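Descriptive structure summary
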Amino acid sequence: MKTHQPGALTRRHFTALGGAALVVPAMARRLCAQDADTIRIGFVGPRSGPLGIFGAGDAFLVEHFNRAQADGIEIGGRRYGVEIVLVDTQSDPVRGSLVTRDLITGQAPDIVITASTPETVNPVADACEAAGMPCLSTTAPWESFYFGRGGRPGQPSPFRWTYHFCFGTGNFVTLYDDQWRQVDTNRKVGILAPNDADGNAIRAGLLPALSAAGWDILDPGPYENMSSDFSRHIEAFRSAGVEIVNAFPFPPDFPVFWRQAAQQGLAQQVKVMQMAKAGLFAAELDAMGSLGYGLHAGAYWHPVFPFASTAVGLSSAGIAQGYEAATGQQWNQQVGATASLLDATLAALRASGAPKDKAALASALSGLQCDTAVGPVDFANGPVPNCAETHLVGVQWNRATSGPWGYQLDVVSNADHPSVPTTAAMTAYRLGG
């Protein structure tokens, strides 16, 4: 059913919106914030700036959400229309907090959802917690969300309104330990981690766990996001003879690092170049040319995932195929992850029995158990209160064997997510592919 939209919903359109909120109704009739039969979902995310690539699939997903939910949703014997209000953080944490507060006071959503890195998720969640607004988020390690916002091990949760589902340190340990064992190395691992919430969580949880698993960890220390010179880290890795590099940079930072690594002799030495946060999107690899062939990463969604999204009405394979047909761009894993966020949101609204009651909605989130595009989400048995854990597969960017794209993303490890099939054997990185 046709929706009321001011022009085509493209990524360019989102960027042009800046901080403006765009209301996207899922029922073709006049809806307003005060309508007791309309559920309003505020969706805050990075749709421009250095993290803007994470939001590239939002327009496509909203369109399919509108189609799938065109007749509204039934909750407690009552039918509700649903509309999504889209807000751009412009990849700025301070702006993320500000636009969330403006969204809450100006658009009166019933729930706020957000995704894509702690720099987005944490300030949005903090603003919602302060305002007593139910909030659901994904795509940031759960430790960054929980401990990065003041949660303490073994103590009651300080959060009443904010909930998050994603992978965590334990998933990375399982993934990396299995993935790295597939290549013969000296087990020396160089860490490239920034001075941010992700970097802090990695140093506190992941690095000790990797050391305990028998990997020789070298961390030359943090760097600032958007750095232009990684010579200090490169020299430390090269001098120590590391054959595995594990990097957690902003997407624009990794090509800078890796080009410098090739120029300074590190790329010729490395057998596993493991990326997290960066290296998730084909567009990043396309810009690197032959330097990108053979790079390794983790994936929180892939078209071979044997799950479907009820919110957008597509299987995992259908999400990827539909996105490519609609945009002319290669699929990316955030499209599936954001679909899962919409899945969990609808499940929570239904489980609440009273979606306009914020306390009922928060209570429903606290024990939510549902199926999503990334797999089962279970808040009742999460690692800590307010969090549910999802899983990862190991992947490798290889030269495409067929089709219109230069790269294909092969699943090479499923130790952390056994229900997902592997599609190729992992190989060592070789400069130039």
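Notes on the structure follow. Residue numbering note: each chain is counted from 1, following its sequence as written. Predicted model: local features are reported for residues with pLDDT of at least 70 only, side-chain atom pairs are reported and counted for 80 or more only, and whole-chain, interface and lining totals are derived from all residues. Side-chain metrics rest on all non-hydrogen atoms present in the structure, leaving aside hydrogens and water.

Here we come to the overall build of the protein chain. When helices and strands are tallied, the protein chain shows 13 helices and 19 strands. Against the compact-globule benchmark of 22 Å for 433 residues, the protein chain has a radius of gyration of 21 Å, which places it among compact chains. A principal-axis box enclosing the C-alpha atoms of the protein chain has dimensions of 65 × 50 × 40 Å. Across the protein chain, contacts joining residues at least 24 apart in sequence account for 73% of those joining residues at least 6 apart. A 1.4 Å probe and the Shrake-Rupley method give the accessible areas. Residues count as covered only by the protein chains that appear here. Summed over its atoms, the accessible surface of the protein chain is roughly 15,300 Å², and 51% of this surface lies on carbon and sulfur atoms. Think of it this way: any DSSP run of H or I at least four residues long counts as a helix, any run of E at least two long counts as a strand, and we number them from the N terminus. Radius of gyration: C-alpha atoms only; globule rule: 2.2 Å multiplied by the number of residues to the exponent 0.38. Throughout, a contact is declared for two residues whenever any of their heavy atoms are within 4.5 Å.

A word on the packing of helix H2 (residues 58-68) against helix H12 (residues 333-352). Axis definition: a line fit to C-alpha positions, over the contact stretch in the case of helices; interaxial angles, taken between N-to-C directions, run 0 to 180 degrees. As a packed pair, H2 and H12 sit with axes 10 Å apart at the nearest point and diverge in direction by 40 degrees. It follows from the interaxial angle that H2 and H12 lie oblique. At the point where H2 passes H12, the crossing takes the right-handed sense. The residues of H12 that touch H2, namely those facing Asp58, Phe60, Leu61 and Phe65, are Val335, Thr338, Ala339, Leu342 and Leu346. For this classification, the nonpolar set comprises Ala, Val, Leu, Ile, Met, Phe, Trp, Tyr, Cys and Pro, the charged set comprises Asp, Glu, Lys and Arg, and every other residue, Gly included, is treated as polar. Along the lines of polarity and charge, the residues of the contact of H2 with H12 split into seven nonpolar, one polar and one charged. Working rule for angles: under 35 degrees goes down as roughly parallel, over 145 as roughly antiparallel, 65 to 115 as roughly perpendicular, anything else as oblique. With the far helix as reference, a near helix turned anticlockwise by less than a right angle produces a left-handed crossing, and one turned clockwise produces a right-handed crossing.

Turning to the layout of surface pockets, a few remarks are in order. Estimated volume of the second largest pocket: approximately 260 Å³. Only protein atoms enter the 1 Å grid, on which a cavity is a set of points fitting a 1.4 Å probe that cannot get out and a pocket is an open set with protein on both sides within 12 Å along at least 5 of 7 lines, lining residues being those with an atom within 4 Å of a point. In this structure, the second largest pocket is lined by 15 residues; those nearest its centre are Gln330, Trp331, Tyr407, Gln408 and Leu409. Ranked by the residues each element gives to the lining of the second largest pocket, the list is headed by strand S19 (residues 407-413), at four residues. Of the residues contributing to the lining of the second largest pocket, the split by class is six nonpolar, seven polar and two charged. Grid points are joined across faces, edges and corners, and a volume is the space filled by probe spheres set on the points.

Moving on, we come to the pattern of salt bridges. Between side chains of opposite charge, a pair can form as their charged atoms come close. Put simply, a salt bridge is a Lys or Arg side-chain nitrogen that is within 4 Å of an Asp or Glu carboxyl oxygen. The final tally for this structure, using the stated rule, is 14 salt bridges. Between Arg238 and Glu235 there is a salt bridge; the shortest N-O distance is 2.9 Å. Here Arg238 and its partner Glu235 are both found in helix H8 (residues 231-240), three residues apart, which amounts to about one turn of the helix. Between Lys271 and Glu243 there is a salt bridge, and its shortest N-O distance comes to 3.7 Å. Pair noted here: Lys271 is in the loop between helix H9 (253-263) and strand S11 (272-275) and Glu243 is in the loop between H8 and strand S10 (244-247), with a separation of 28 residues, a long-range link.

Looking now at the packing of aromatic side chains. Here a pair means two rings of Phe, Tyr or Trp (six-membered ring of Trp) with centres within 6.5 Å. Their orientation is stacked below 30 degrees between planes, edge-to-face above 60, and tilted elsewhere. This structure, assessed with the given rule, holds 23 aromatic pairs. On the basis of an interplanar angle of 80 degrees and a centroid distance of 5.7 Å, the ring pair of Tyr146 and Phe159 is categorised as edge-to-face. Of the two residues, Tyr146 is situated in helix H5 (residues 142-146) and Phe159 in the loop between H5 and strand S7 (162-166); the sequence distance between them amounts to 13 residues. Three labels apply to residues, based on accessible area from a 1.4 Å probe with only protein chains included: buried if under 20% of the type maximum, exposed if over 50%, partly exposed otherwise in between. Using a relative accessible area of 1% as the deciding quantity, one classes Tyr146 as buried. Judged by relative accessible area, Phe159 falls into the buried class, the value being 10%. Grouping aromatic residues by their ring pairs yields a cluster made of Phe167, Phe172, Tyr176, Trp180, Trp215, Phe248 and Tyr300.

What follows covers empty space enclosed by the protein. Remark: the empty space left among the atoms is shown by a probe the size of a water molecule rolled over them. Enumeration according to the criterion identifies four cavities of 30 Å³ or more in this entry. The space that makes up the largest cavity amounts to roughly 280 Å³. Mapped by element, the contributors of at least two residues to the lining of the largest cavity are H5, helix H6 (169-180) and helix H7 (197-212). At four residues, H7 tops the list of elements feeding residues into the lining of the largest cavity. Of the residues that constitute the lining of the largest cavity, the class distribution is 16 nonpolar, six polar and three charged.

Glancing now at the side chain of Arg47. For Arg47, the position within the fold is in the loop between strand S2 (38-45) and H2. Under the relative-accessibility criterion, Arg47 is labelled buried at 1%.

On to the pairing of S7. For S7, a buried count of five out of five residues is recorded, marking the element as mostly surrounded by other parts of the structure. Taking every second residue as pointing to the same face, both faces of S7 are buried, with Thr162, His164 and Cys166 on one and Tyr163 and Phe165 on the other. A pair of strands is treated as paired once DSSP finds two or more bridges between them. In the sheet, strand S6 (residues 135-138) pairs with S7 via four bridges, with the strands oriented parallel. The partner of Thr138 across the bridge, within S7, is Phe165. Two elements, S7 and strand S17 (residues 387-389), share three bridges in a ladder whose sense is parallel. In the sheet register, Cys166 faces S17, and the bridge partner there is Glu389.

All right, on to the sheet that holds S10 then. Taken in spatial order, the seven strands of this open sheet run S9-S8-S10-S11-S12-S18-S19, and their pairing is mixed. In the strand order of this sheet, the two ends are held by strand S9 (216-218) and S19, each with one partner. Geometrically, the sheet is characterised by an average inter-axis angle of 30 degrees between neighbouring strands, direction not taken into account. With three bridges joining them, strand S8 (residues 188-192) and S9 adopt parallel strand pairing. Within S9, the residue paired with Lys188 across the bridge is Asp216. Against the sheet, H8 makes contact with S8, S9 and S10, and its axis sits at roughly 175 degrees relative to S8, the strand it touches most.

Among all residues save glycine, negative phi is the norm, and among peptide bonds the norm is trans. Look at Ser91: it is not a glycine, yet its phi comes out positive at around 65 degrees. Residue position: Ser91 is located in the loop between strand S4 (78-88) and helix H3 (93-107). By relative accessible area, Ser91 is classed as buried at 10%.

As far as function goes, none of this settles anything; it's purely spatial.
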